[in-house]
Amino acid sequence: MADNGPVLEMTREEFEELVAEALDRIPPELTRLMDNVAVFVEDEPPADDPELLGLYEGTPLTDRGEWYAGVLPDRITVYRGPTLRMCRSREDVVAETEVTVVHEIAHHFGIDDARLHALGYG
């Protein structure tokens with residue numbers, strides 16, 4: 001990971017609020033379509049991927065069929081530590097958090113990484 005100088009400081013509560021604000025900016029016509037998904041904030045990603053900013057775990061809407069019932073919610077996790085380490089300002093954190101939230105929600109809708117990168121959400 002590149003050394004960006006001192007790590008930006010932000011409490012977990014402040015970061016959670018930024019994630020909530022990013023979720024609030026998702027158009028209502030899309031949030032109404034989201035089904036059985038929960039969003040979490042964690043301080044650090046798994047040790048095997050220390051630069052991971054977000055993670056979607058679950059079954060995308062495009063892959064669900066008649067068999068899909070009674071399952072645990074999909075899980076979107078946004079990681080605070082790597083986001084703060086890569087950003088130089090609060091404005092950078094706001095922008096990066098929004099990109100991460102949109103990226104992970106897009107996975108819930110079945111959009112893959114290649115398409116997200118092409119759309120600027122990589």
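Residues numbered from 1 in each chain as written. Predicted model: local features only at pLDDT ≥ 70, side-chain atom pairs only at ≥ 80, totals over all residues. Heavy atoms only, no water.

### Some thoughts on the pattern of salt bridges
Part 1: Tallied over the full model, the rule gives eight salt bridges.
Part 2: The residue Asp35 makes a salt bridge to Arg64 at a minimum N-O spacing of 3.2 Å. Taken as a pair, Asp35 in the loop between α2 (28-31) and β1 (37-42) and Arg64 in the loop between β2 (54-57) and β3 (74-79) lie far apart in primary sequence, 29 residues in all.
Part 3: Under the relative-accessibility criterion, Arg64 is labelled buried at 15%.
Part 4: Counted as one network, the salt bridges with shared partners bring together Arg12, Glu16, Asp43 and Arg80. (Salt bridge = Lys/Arg side-chain N within 4 Å of Asp/Glu carboxyl O. Helix = DSSP H or I, 4+ residues; strand = E, 2+ residues; numbered from the N terminus. Buried < 20%, exposed > 50% of the residue type's maximum accessible area, 1.4 Å probe, protein only.)

### Digging into the layout of surface pockets
Part 1: Of the volumes computed, that of the largest pocket is approximately 180 Å³.
Part 2: Lining of the largest pocket is provided by Ile26, Pro27, Leu30, Val102, Ile105, Ala106, Phe109, Ile111, Leu116, Leu119 and Tyr121.
Part 3: Here the lining of the largest pocket gets three residues from one element, more than from any other, and that element is helix α4 (residues 90-108).
Part 4: Broken down by class, the residue content of the lining of the largest pocket amounts to 11 nonpolar, no polar and no charged. (1 Å grid on protein atoms, 1.4 Å probe; cavity = no way out; pocket = protein on both sides within 12 Å on 5 of 7 lines; lining within 4 Å. Points joined across faces, edges and corners; volume = space filled by probe spheres on them. Nonpolar A, V, L, I, M, F, W, Y, C, P; charged D, E, K, R; others polar.)

### Focus: the packing of aromatic side chains
Part 1: Using the criterion set out here, one finds one aromatic pair in the structure.
Part 2: Their ring planes at 80° and their centres at 5.6 Å tell us that Trp67 and Tyr68 sit as a pair that is edge-to-face.
Part 3: Exposure remark for Tyr68: the relative accessible area of 15% places this residue in the buried category.
Part 4: Geometry around Phe40 places Arg75 over its ring, the cationic atom sitting 3.9 Å from the centre. (Phe/Tyr/Trp six-rings, centres within 6.5 Å; stacked < 30°, edge-to-face > 60°. Lys NZ or Arg CZ within 6 Å of the ring centre and 35° of its normal.)

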